[in-house]
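# Close look at the chain arrangement
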Amino acid sequence: QLGTEDDENMGDKKHNYDYDLFVIGGGSGGVRASRIASGHGAKVALADDGAVGLGGTCVNVGCVPKKLMVYGSEYGRGAAEGHGFGWDTKQGTADWSRLISNKDKEINRLNGIYETFVLKKAGVEIFKSKASLLDAHTVQLADRKVTADKIMVCVGGWPRQMKFEGSEHLITSNEVFFLKEQPKRVVIIGAGYIGVEFAGIFHGYGSEVTMVIRKKSILRGFDDDCRHFLQEELVKSGIKMETGANVVKIVKKEDGLEVTLDTGKVIMADQVMAAAGRLPKTSTIGLDKVGVKMEKGYILVDEWQKTNVPNIYACGDCTPTMQLTPVALHEGHCFADTQFGGYVRRADREFVATAVFSHPNLGTCGFTEDQARKIYGGIKVYQSSFTPLKNRVSGASDKAFMKIIVATHTDQVVGMHMVGHAAGEIMQGFSVAMRMGVTKKQLDSTIGIHPTSAEEFVTMRSVHHEHKEPPAKL
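Each value, and the rule that gives it
Residues numbered from 1 in each chain as written. Predicted model: local features only at pLDDT ≥ 70, side-chain atom pairs only at ≥ 80, totals over all residues. Heavy atoms only, no water. Helix = DSSP H or I, 4+ residues; strand = E, 2+ residues; numbered from the N terminus. Contact = heavy atoms within 4.5 Å. Polar contact = N/O pair within 3.5 Å; in protein donor to acceptor, adjacent residues only side chain to side chain. Expected span 1.5 Å × (residues − 1). Buried < 20%, exposed > 50% of the residue type's maximum accessible area, 1.4 Å probe, protein only. Phe/Tyr/Trp six-rings, centres within 6.5 Å; stacked < 30°, edge-to-face > 60°. Patch = residues over 30% accessible without salt bridge, like charges linked within 9 Å, V, L, I, M, F, W, Y side chains within 5 Å. Areas by Shrake-Rupley, 256 points an atom, 1.4 Å probe, with all protein chains shown as cover. Salt bridge = Lys/Arg side-chain N within 4 Å of Asp/Glu carboxyl O. Pairing = 2+ DSSP bridges. Axes fitted to C-alpha atoms, helices over the stretch in contact; angles between N-to-C directions.

## Concerning the environment of aspartate 149
Along the chain, aspartate 149 falls in strand 6 (residues 145–153). Separated by 132 residues in sequence, aspartate 149 and tyrosine 17 have C-alpha atoms that sit 6.0 Å apart. Discounting residues that sit within four places of it in the chain, aspartate 149 has contacts with His15, Tyr17, Tyr19, Asp20, His137 and Asn311. Side-chain polar atoms of aspartate 149 contact the side chain of lysine 150, separated by 3.3 Å.

## Re helix 7 (residues 224–237)
Taking 1.5 Å as the rise per residue, helix 7 with 14 residues should run 20 Å; its terminal C-alpha atoms sit 20 Å apart, in good agreement. For helix 7, every residue scored as buried is listed here: Cys226, Arg227, Phe229, Leu230, Gln231, Glu233 and Leu234. On its buried side, helix 7 packs onto helix 6 (193–204), strand 11 (240–243), strand 21 (362–366), strand 22 (379–386), strand 23 (400–407) and strand 24 (413–419). Two or three places before aspartate 225, at the opening of helix 7, aspartate 223 has a side-chain oxygen 3.1 Å from that residue's backbone nitrogen. The positive-phi residue at the C-terminal boundary of helix 7 is glycine 238, with phi of around 120°.

## Observations concerning the packing of aromatic side chains
Going through the model one piece at a time under the given rule, you end up with 13 aromatic pairs. Ring geometry for phenylalanine 177 and phenylalanine 198: centres 5.4 Å apart, planes at 75°, overall edge-to-face. One end of the pair, phenylalanine 177, is in the loop between strand 8 (170–171) and strand 9 (185–189); the other, phenylalanine 198, is in helix 6, and 21 residues separate them in sequence. Both rings, one in phenylalanine 430 and one in phenylalanine 457, keep their centres 5.0 Å apart while their planes meet at 65°; by these two values the pair is edge-to-face. Residue phenylalanine 430 is located in helix 12 (residues 423–435), and its partner phenylalanine 457 is located in the loop between helix 13 (440–444) and strand 25 (465–467); the two are separated by 27 residues in the primary sequence.

## Points about a nonpolar patch on the surface
Side chains of Leu68, Tyr71 and Tyr75 sit close together on the surface and give an oily, nonpolar patch of about 340 Å² of accessible area. Inspection of the secondary structure puts tyrosine 75 in helix 4 (residues 75–81). With a relative accessible area of 65%, tyrosine 75 lands in the exposed category.

## Regarding the sheet that holds strand 13 (residues 256–261)
With antiparallel pairing, three strands are arranged side by side in an open sheet as 12-13-14. The outermost strands of the open sheet, each flanked by one partner alone, are strand 12 (247–253) and strand 14 (266–269). Each adjacent strand pair in this sheet contributes to an overall mean axis angle of 25°, direction not counted. As paired elements, strand 12 and strand 13 share six bridges and run antiparallel to each other. Counterpart to valine 247 in the pairing with strand 13 is leucine 261.

Below you can see the structure in the form of structure tokens.
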């Protein structure tokens, strides 16, 4: 969003500090902010504590290695499904250590690119050190103090540590990427992005997977129809779910880990993974010393990423924003453009598409049905469930689900949701149209690509159900 703020672009003011900008944290938001600011002519330095590596969670223990493992988990299924298409392929056994080794090689390659080509080539000075604030303009590093006109905090988040009897036996989304052996029996605590995706990864590699879910459904915050549809597909595929349950005790036995639930059920496992959310990594960097306001550990910022301390900014997962890598990148880029590039703009988080790389995928953009009712009042809902063409021959049992939510009084498409193969890839394109304000009439006038699942989004004509409340005040 373009906008103006009095003296918001302060990048050309004279000062006596060591740097125009000092960035704490070498994750997605920090790398983007520092690179773009340096490209605009600012003198920039960045400190990263090395806890996970340059590129942050996404590159090292998040999106990228996770997606590689998702890809790997699909090959066994592909071999089995080839029979219907004439292929007599014997499904072999997976070499877990080879997967991890090749994943590590790719991540190391990306680390080198981030350091050499993304940051150093842009002129950003890198400090491989923990950094903490001494005052509003001074940062303490391992071996020196430095000063900066502006400071950007991009320290991201860390897996929430669960505490109960035997919780020392848990692994999190940090350790799961470095397991030396494939666990044959896995219990996953939690049902958000991480829990659902790793349930699919382990199941795809042949592990016996049990998800322990505190509530009744997976993926809180997503559209209810999609949540329930995907949950049914996961159970149908063989993933077990203990709903309305909590792990209360883990005991190490000779034959594995004995996991006790508060329902009384006992499950044996080789690994127990805690995927119960993430918390901002803000407690040890001196924010309290300079009076930066926080809430539940999250740094509070305004629309310009500015904290209550005028020269200190923050972006990404350490703030109460959408916890998505592309959002952190966008926030960091907008900050750098505004402060150092003469291009004043704020982060625009309207109609941000996202995907859960489960099997099948879940892709979504815009509002859920419940959210749309509250925001727009009257809405029309179009939805369809079907067996994809490929599965008719492969024999695979999974189905696809697609849903469009339309604001009745404007005909604008305000929600698009899909469960099915390549849902993330499909939703990326439709998110562009949604950001441009596409209407249902315009979708209907679009000629589809046949035969694809995506064409269903431009061929759904019949209203599945409608809510006729009066339009909400926008």
